[in-house]
Amino acid sequence: MAETTTVAEVTAELAALDDPKIRAVNERHGDDHGVNLGKLRAIAKRLKTQQELARELWATGDSAARLLAMLICRPKAYGRDELDAMLREARTPKVHDWLVNYVVKKSPHVEPLRLAWSADRDPVVASAGWALTTERVARNPDGLDLAGLLDVIEAEMAGAPERLQWAMNHCLAQIGIEHAAYRDRAIGIGERLGVLKDYPTPPGCTSPYAPVWINEMVRRQHGGADNGV
């Protein structure tokens, strides 16, 4: 079945699943699709990996089709320039985030793209570079200038556009969480800038305000013991 599935068949199936109530909720977050993500993942599971179909779905420009494309693609099959073009086309938050997390992070081009995007003048593109930097802070920090990253965050985060500010704040928190030598400085930067200090946080969730976020995650890593911060 997977071998004979066409882009027209898949887009028709996605259109039939579009729910106006889901679309209304998504639109409040800047997204423009109305397909339940559980149902989308079920379609992806049925289709399995199909790189050419993934490219065709992406080319439709439809957000639901693009989300599905990223679930059935082969991340390593995309070239660096292709991924760069895709990111610049991915203007809705969900498509942007899935592209970074499900495709670019698994690409052999991740590091050159991280460096290029971090320096990009487009704040949405730059936010992708910071998201990839945050991943390196947590998983592969060797070679990163953590002090230099904190310098940039301290100088630029307060005035950054929302998407970029959020990504820089995540990097700030990750540095504080993962690297004890920089924890006090990271918390101090967060306290001085006050970014997301008043962000409404549902009960049971951790605040994105970096000092609270850092302290809570360190506490959990130590099994709830006093971490001395």
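Conventions used here
Residues numbered from 1 in each chain as written. Predicted model: local features only at pLDDT ≥ 70, side-chain atom pairs only at ≥ 80, totals over all residues. Heavy atoms only, no water. Salt bridge = Lys/Arg side-chain N within 4 Å of Asp/Glu carboxyl O. Helix = DSSP H or I, 4+ residues; strand = E, 2+ residues; numbered from the N terminus. Buried < 20%, exposed > 50% of the residue type's maximum accessible area, 1.4 Å probe, protein only. Core = buried A, V, L, I, M, F, W, Y, C linked by side-chain atoms within 4.5 Å. Contact = heavy atoms within 4.5 Å. Phe/Tyr/Trp six-rings, centres within 6.5 Å; stacked < 30°, edge-to-face > 60°. Lys NZ or Arg CZ within 6 Å of the ring centre and 35° of its normal. Axes fitted to C-alpha atoms, helices over the stretch in contact; angles between N-to-C directions. Left-handed = near helix turned anticlockwise from the far one by under 90°. 1 Å grid on protein atoms, 1.4 Å probe; cavity = no way out; pocket = protein on both sides within 12 Å on 5 of 7 lines; lining within 4 Å. Points joined across faces, edges and corners; volume = space filled by probe spheres on them. Nonpolar A, V, L, I, M, F, W, Y, C, P; charged D, E, K, R; others polar. pLDDT = per-residue confidence, 0-100.

A. Local environment of the pattern of salt bridges. Scanning all chains against the criterion turns up 18 salt bridges. Here Arg 192 and Glu 154 are joined by a salt bridge, their closest N and O atoms 2.7 Å apart. Of this pair, Arg 192 sits in helix α12 (residues 183-193) while Glu 154 sits in helix α10 (residues 146-156); the two residues are 38 residues apart in sequence, bridging distant segments of the chain. On the basis of relative accessibility, which here comes to 29%, the residue Glu 154 falls in the partly exposed class. Among the charged side chains, a salt-bridge network with shared partners connects Asp 151, Glu 154, Arg 185 and Arg 192.

B. Looking closely at the nonpolar core. Formed by 35 residues in total, the largest nonpolar core has its most connected members in Leu 14, Leu 68 and Leu 99. Elements represented by at least two residues in this core include exactly α1 (7-17), α3 (37-47), α4 (51-59), α5 (63-72), α6 (80-89), α7 (93-103), α8 (110-118) and α9 (123-139). For this core, the leading source of residues is α5, giving seven residues. Leaving out residues up to four positions away in the same chain, Leu 99 has contacts with Trp 58, Met 70, Met 86, Leu 87, Ala 90 and Val 104.

C. Geometry of the packing of aromatic side chains. In the structure shown here, the tally under the stated rule is two aromatic pairs. Ring plane angle 40° and centroid distance 5.0 Å describe the contact between Trp 98 and Tyr 102, whose orientation is recorded as tilted. Residue Trp 98 and its partner Tyr 102 are located together in helix α7, separated by four residues, close to a single helical turn. The ring of Trp 58 is capped by Arg 66, whose NZ or CZ atom sits 4.2 Å from the centre of that ring.

D. Structural view of the side chain of Thr 92. Mapped onto the elements, Thr 92 comes out in the loop between α6 and α7. Thr 92 sits in the buried class, given a relative accessible area of 14%. Residue contacts for Thr 92: discarding those within four places in its chain leaves Gly 30, Asp 31, Asp 32 and Ser 63.

E. Highlighting the packing of α9 against α10. The N-to-C vectors of α9 and α10 enclose an angle of 145°; their axes lie 12 Å apart at closest approach. Between α9 and α10 lies a crossing whose hand is left-handed. Residues Trp 130, Thr 133 and Val 137 of α9 pack against Leu 146, Leu 149, Val 152 and Ile 153 of α10.

F. Local environment of the layout of surface pockets. Roughly 890 Å³ of volume is contained in the largest pocket. Around the largest pocket, the lining is made up of 28 residues, and of these Pro 93, His 96, Asp 97, Arg 163 and Trp 166 lie nearest the centre. Looking at the lining of the largest pocket, the elements that each hand over two or more residues are α7, α9 and α11 (162-178). It is α9 that provides the largest number of residues to the lining of the largest pocket, a total of eight residues. Partitioned by chemical class, the residues of the lining of the largest pocket number eleven nonpolar, eight polar and nine charged. Considered as a void within the structure, the second largest pocket measures approximately 160 Å³ in volume. Residue lining of the second largest pocket: Lys 105, Val 110, Glu 111, Arg 114, Leu 132, Glu 135, Arg 136, Arg 139 and Asn 140, and that is the complete set. Looking at the lining of the second largest pocket, the elements that each hand over two or more residues are α8 and α9.

G. Fine view of unusual backbone geometry. Unusually for a residue other than glycine, Lys 48 sits at a positive phi of about 65°. As for its position among the elements, Lys 48 is in the loop between α3 and α4. Lys 48 gets classed as exposed once you look at its relative accessible area, which sits at 56%. Of note, the phi angle at Leu 196 is positive, near 65°, even though the residue is not glycine. Residue placement: Leu 196 occurs in the loop between α12 and α13 (210-221). In this structure Leu 196 comes out as buried when scored by relative accessible area, which is 16%.

H. Spatial organisation of the confidence of the model for the chain. Per-residue pLDDT for the chain has a mean of 94; in total, 96% of the residues score no lower than 70. This stretch, residues 225-229, has a pLDDT under 50; its non-local contacts, to residues over four places away or in other chains, come to eight contacts.

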